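Okay, here's what each chain looks like letter by letter:
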Amino acid sequence: MNQHEKETLLSIEDLNFSFTTQRGIVRAVRDLSINIKKGETLTLVGESGCGKSVTAHAINQLNPMPPGHVDSGKIVFNGTDLLTLKKSEIEALRGTQISMIFQEPMTALNPVFTVGSQIADVFLTHQDMTKQEAMEKAVELFRLVKIPAPERRVHSYPHQLSGGMRQRAMIAMALASPNPGLMIADEPTTALDVTIQAQILDLLQDLKQHIEMSILLITHDMGVVAEMADRVVVMYAGRKVEEADADSIFHNPHHPYTLGLLNSLPSNKKYKGARRLEAIDGTVPDLLTIGEGCPFANRCVYQTGECSRSFPKETIISESHSVWCHNYQAVKTENRQ
Amino acid sequence: MSNDKIIEVKDLKKHFRIKSEGATESTSLLKAVDGITFDVLEGEILGVVGESGCGKSTMGKTVLRLYDKTEGEVLYRGEDLFAKSEVQMKEMTRKMQMIFQDPYSSLNPRKKVAKIIGQSLDIHKIGTSAERLDRVKYLMEEVGLNPKFRSRYPHQFSGGQRQRIGIARSLALQPEFIVCDEAVSALDVSVQAQILNLLLDLQERHSFTYMFIAHDLGVVEFISTRILVMYLGRIVEIATKEELVNRHVHPYTKALFIASPVVSPRDRKEGKHLFQGDVPSPINPPSGCHFHPRCPYAVEKCKHAYPPLKEISPGHSAACWVVQNDI
């Protein structure tokens, strides 16, 4: 499948998003541009505080505003700049073309309504349907996401379902639209056990075979990236530092942070029989006091004077691979075989 | 690593009485740990892996007698822990310590770091206050914290630094045996790697014995020398790391390995043979082998009788009728 020929579904252009706090202004996302093409799975990967969730939530305006505000940038979805839309217009989009699944389905679902009625609500709000039709659609979706005994399960309350089943119900709700264009999945399997995580990832892959949709997957877990991603954007302290197809990220990383992330994984094949990991020293900088330079400079073994002065421009490695690093040529790319 | 047993766990059970759902009077029994037997050998890192509710944390805490047992024995160098008086037990705790998962909730937010790390020295009245301070400074350096920060409070540290504080606290009394209960699970991956290295450095320097409890197979596989797999309160398989990684036999262990995410997109497989179904509630576990409803190899016998943990090759035991060829 040639991704380059595909149309762009969503493009974020030079987004700057910050939060006003008592201690000062936190620039959570800086000069971020990403494109999601129709039908692809793009993963945003990074550690706590890198801005991946803020980015995802900026798309359908789920960040609390204030204290959050968009300083500049555009988020263009199917030709419309979402940041110019009124609240009612963005709400209409949320139930029809942009859907979202969250990390903790227990807090994302309403505990006092049955899961079926919450899904039916999506149909009732956005489509012309009777209550009974909406419930029948809910059962259909439960079947689609492989919840056993869907006719019975739609009448369950969230607490009566297991974690895995709740996440399936969330996914069903996200699919409750006439044309689910974009599904934003924010750490969808982080709260789940590994055997259940595997089932949910498998389900998402399976759904993509049947439904034309794009997935923006937010995760901190390189294992999930390896399983799911077509393309990967690596973020660090609010900045995009590397972007590439999944294979290049894992086998030909050019940014010291991407390399560091891969080296931090105990399951990395290079550690067979090893007794130490090549960890990244230091900690993530405080976003309040961060300057104009590369945010990774203080932890980077390749850093030079230039790194603390300015954030590097894009370097194009190949058609599908870009890196933002002054010293990318010095980065020893210990590719994993 | 010698073959001396530092801990012997014999048919240990820990049951909790809990209110059943929707009922006011009746209670039911949650069998968190339900009859497990194993040894911890001096100098080894025994990894304990399993999913939520399998009883791994309860087991770790019961082995240290942080929980009272329901049945069974825990021997520390041959001495029965549960036969000790409170005073004797206090002496024992000097040798056995624990590192907790959540570096936010396991440190008292109202105490300064020096106080948190040195508290056990105070409790055991070790040294003069000047000596205790020296020891705290030494411990902070040993775990990679700047001793200058000893008068700060936990909230002034990052997650990784807090975990270092928790580790320094566990080292204060120079223990021999440390239970690490999901010690790196709450950390970002780059910090997790730092802490894993630290734990390994400390082990080499002090010849500690660790019981390393975690749900993440990748982490357990990296750090352990031997691995124990739990499912719903029981041990399903135990072997040296090499053996378990390369020649695991229990269907649940297989399920765990299959479900673990790949390490590269090149290893992706379509149509993996994933095991279906959820982890059942430990309150009312399935009859017979608890894994039988999810197990593709289950036979009639699995529904009725729980298989014993039996050695299938030297040092490698599994609890499965099919594997034991006893069906």
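Nothing here was measured: the structure is a model prediction, and the numbers come from that model.

> Break down the overall build of chain A for me, with residues and values.
Along the backbone of chain A there are 12 helices and 12 strands. Relative to the 2.2 N^0.38 estimate, which gives 20 Å for 337 residues, the radius of gyration of chain A is 21 Å and therefore close to what a compact globule would have. Expressed as lengths along the three principal axes of its C-alpha atoms, the size of chain A is roughly 65 × 50 × 45 Å. Working note: accessible area of chain A is about 14,000 Å², and carbon and sulfur atoms make up 50% of it.

> Run through the overall build of chain B, naming residues and quoting values.
Broken down by element type, chain B carries 9 helices and 12 strands. Since a compact globule built from 327 residues should have a radius of gyration of about 20 Å, the 21 Å found for chain B is in line with a globular shape. Dimensions of chain B along its principal axes, counting C-alpha atoms only, are 65 × 50 × 45 Å. Excluding contacts between residues fewer than 6 apart, the proportion of contacts in chain B whose partners are at least 24 apart in sequence is 65%. A total accessible area of about 14,500 Å² is found for chain B, and carbon and sulfur atoms account for 48% of it. Each charge class in chain B can be summarised by its mean position, and for the 44 positive and 40 negative side chains these summaries are 5 Å apart.

> Which residues make up the confidence of the model for chain B, and what values go with them?
Interpreting fine coordinate detail is not advised for predicted regions of low pLDDT. Averaged over all residues, the pLDDT of chain B equals 91, while 96% of them reach at least 70. Quick note on the complex model: pTM equals 0.88, ipTM equals 0.84.

> Lay out the sheet that holds strand β8 (residues 209–214) of chain B in plain terms, naming residues and giving numbers.
The strands making up a sheet associate through backbone hydrogen bonding, with each pair oriented either parallel or antiparallel. Residue and element names in this part refer to chain B. Pairing in this open sheet of 8 strands is mixed, and the strands run β6-β7-β8-β3-β9-β10-β12-β11 from one edge to the other. Each edge of the open sheet is held by one strand with a lone partner, namely β6 (96–99) and β11 (310–313). Taken pair by pair, the neighbouring strands of this sheet meet at an average axis angle of 20 degrees, ignoring direction. Looking at chain direction, strand β3 (residues 45–49) and β8 are connected through 5 bridges and run parallel.

> Outline the pattern of salt bridges, listing residues and values.
Across all of its chains, the model carries 35 salt bridges over all chains by this definition. Where R226(B) meets E44(B), a salt bridge forms, and the shortest distance between an N and an O atom there is 2.7 Å. Taken together, the residues R226(B) in strand β9 (residues 226–231) and E44(B) in the loop between β2 (27–41) and β3 connect sequence positions 182 residues apart. In terms of burial, R226(B) and E44(B) fall into one category: buried. Residues joined by salt bridges that share partners form a network here, namely E40(A), R231(A), K240(A) and E243(A).

> I'd like to hear about the environment of S117(A), residue by residue, with values.
All names here are of chain A. Within the secondary structure, S117 is located in helix α4 (residues 115–126). Residue classification places S117 among the partly exposed positions, given a relative accessible area of 24%. It is 50 Å that separates the C-alpha atoms of S117 and P312, two residues lying 195 residues apart in sequence. What S117 contacts, discounting residues up to four positions off in sequence, is M135 and V154.

> Before we move on, can you summarise the pairing of strand β3 (residues 41–45) of chain A with the specific residues and values?
Residue and element names in this part refer to chain A. The buried fraction of β3 amounts to 5 of the 5 residues, a majority that puts the element mostly inside the structure. Of the two faces of β3, both are covered, the one formed by T41, T43 and V45 as well as the one formed by L42 and L44. Here β3 runs beside strand β8 (residues 214–219); their pairing, made up of 5 bridges, is parallel. Residue T43 lies in a different strand from β8, and its bridge partner there is L217. The pairing of β3 with strand β9 (residues 231–236) spans 4 bridges and is classified as parallel. Note on β9: the bridge partner recorded for T43 is V232.

> I'd love a proper account of the interface of chain B and chain A, names of residues and values included.
At the interface, 43 residues of chain B touch 44 residues of chain A. Counting each side, the surface lost to burial between chain B and chain A is near 3,700 Å², with a carbon and sulfur contribution of 49%. Taken together, the connections running from chain B to chain A amount to 4 salt bridges. The partner of E204(B) in a salt bridge is R276(A), and the shortest N-O contact between them spans 3.3 Å. In this structure, the connection of chain B to chain A is made through 23 residue pairs in polar contact (both at pLDDT 80 or more).

> Outline the side chain of D34(B), supporting the account with residue identities and numerical values.
Residues and elements named next belong to chain B. Checked against the element boundaries, D34 lands in strand β2. Given the relative accessible area of 10%, D34 is considered buried. Among the polar contacts listed, one links the side chain of D34 to the side chain of H15, at a separation of 2.9 Å. Those residues within four positions of D34 in sequence are excluded, and the remaining contacts are L12, K13, H15, G233 and R234.

> Tell me what's going on with the sheet that holds strand β7 (residues 182–186) of chain A, and back it up with residues and numbers.
Residues and elements named next belong to chain A. Read from one edge to the other, the open sheet built from 8 strands follows the order β6-β7-β8-β3-β9-β10-β12-β11, with strand pairing classed as mixed. Each end of this open sheet is capped by a strand with a single partner; those strands are β6 (98–101) and β11 (315–318). Taking each pair of neighbouring strands and ignoring which way they run, the sheet shows an average axis angle of 20 degrees. Here 3 bridges tie β11 to strand β12 (residues 321–323), and the two strands are oriented antiparallel to one another. Bridging from a neighbouring strand, S318 pairs with H321 of β12. Helix α11 (residues 256–263) rests against β9 and β10 (239–245) of the sheet, and its axis sits at about 100 degrees to β9.

> Residue-level account of the packing of α4(A) against helix α7 (residues 163–174) of chain A, with values.
Residues and elements named next belong to chain A. Axis separation between α4 and α7 bottoms out at 9 Å; the angle between their running directions is 15 degrees. Regarding the angle of α4 to α7, the classification is roughly parallel. The two elements α4 and α7 meet at a crossing, and its hand is right-handed. Where α4 abuts α7, its residues V115, Q118, I119 and V122 lie against A169, A172 and M173. Across the contact of α4 with α7, the residue classes break down as 6 nonpolar, 1 polar and no charged.

> Quick rundown of α7(A)? Include the residues and the values.
All names here are of chain A. Here α7 spans 17 Å end to end across 12 residues, near enough to the 16 Å set by a 1.5 Å rise per residue. Listed in full, the buried residues belonging to α7 are G164, M165, R166, Q167, R168, A169, M170, I171, A172, M173 and A174. Buried residues along α7 sit against β6, α3 (105–108), α4, α5 (131–144), β7 and α8 (194–210).

> Explain the nonpolar core residue by residue, including any values.
By size, the foremost hydrophobic cluster in this structure holds 68 residues, and its most contacted members are I167(B) and F212(B). If you tally residues by element for this core, the top one is helix α6 (residues 189–206) of chain B, at 8 residues. Setting aside residues no more than four positions away along its own chain, F212(B) makes contact with I45(B), L46(B), G47(B), V48(B), C180(B), V184(B), L196(B), L199(B), V219(B) and I223(B). Counting 61 residues, the second-largest nonpolar core is a separate cluster that includes L42(A), L82(A), F296(A) and C300(A).

The rules behind the values
- Counting restarts for each chain: residues are numbered from 1 in the order of the written sequence.
- Whichever chain is written first is A, and whichever ligand is written first is 1; the rest continue in order.
- It should be noted that, the model being predicted, local features are given only for residues of pLDDT at least 70 and side-chain atom pairs only at 80 or more, the latter also being counted only at that level, while totals for whole chains, interfaces and linings use all residues.
- Heavy atoms from the whole structure form the basis of all side-chain values; hydrogens and water molecules are not counted.
- By the criteria applied, helices consist of DSSP H or I runs no shorter than four residues and strands consist of E runs no shorter than two, each listed in order from the N terminus.
- The globule rule is 2.2 Å times the number of residues to the power 0.38, and the radius of gyration it is compared with is taken over C-alpha atoms.
- Here the accessible surface of atoms and residues is derived via Shrake-Rupley with a 1.4 Å probe, and residues count as covered only by protein chains that are part of the display.
- Any pair of residues with heavy atoms lying within 4.5 Å of one another is described as a contacting pair.
- In this tally, Lys and Arg are treated as positive and Asp and Glu as negative; His is ignored, and so are the chain termini.
- Working definition for charges: the position is that of NZ of Lys, CZ of Arg, CG of Asp or CD of Glu.
- Think of pLDDT as the predictor's per-residue confidence, scored from 0 to 100.
- By the convention used here, strands pair only if DSSP detects at least 2 bridges between them.
- Between N-to-C directions, angles span 0 to 180 degrees; the directions come from axes that are lines fitted to C-alpha atoms, helices contributing only their stretch in contact.
- We define a salt bridge as a side-chain nitrogen of Lys or Arg found within 4 Å of a carboxyl oxygen belonging to Asp or Glu.
- Exposure classes here rest on a 1.4 Å probe applied to the protein chains alone. A residue is buried below 20% of its type maximum, exposed above 50%, and partly exposed in between.
- Throughout, buried area stands for the accessible area (probe radius 1.4 Å) lost by two parts on being put together, summed over both.
- In the analysis that follows, any N or O atom pair within 3.5 Å is treated as a polar contact, provided that within protein one partner can donate a hydrogen and the other can accept it, and provided that, for residues neighboring in sequence, both atoms belong to side chains.
- Angle categories: roughly parallel below 35 degrees, roughly antiparallel above 145, roughly perpendicular from 65 to 115, and oblique for all the rest.
- In this scheme the handedness of a crossing depends on how the near helix is turned from the far one: anticlockwise by less than a right angle means left-handed, clockwise means right-handed.
- When residue character is reported, Ala, Val, Leu, Ile, Met, Phe, Trp, Tyr, Cys and Pro are called nonpolar, Asp, Glu, Lys and Arg charged, and the others, Gly included, polar.
- To estimate the expected span of a helix, count its residues, drop one, and scale the result by 1.5 Å.
- Working definition of a nonpolar core: buried Ala, Val, Leu, Ile, Met, Phe, Trp, Tyr and Cys residues. They are joined through side-chain atoms within 4.5 Å.

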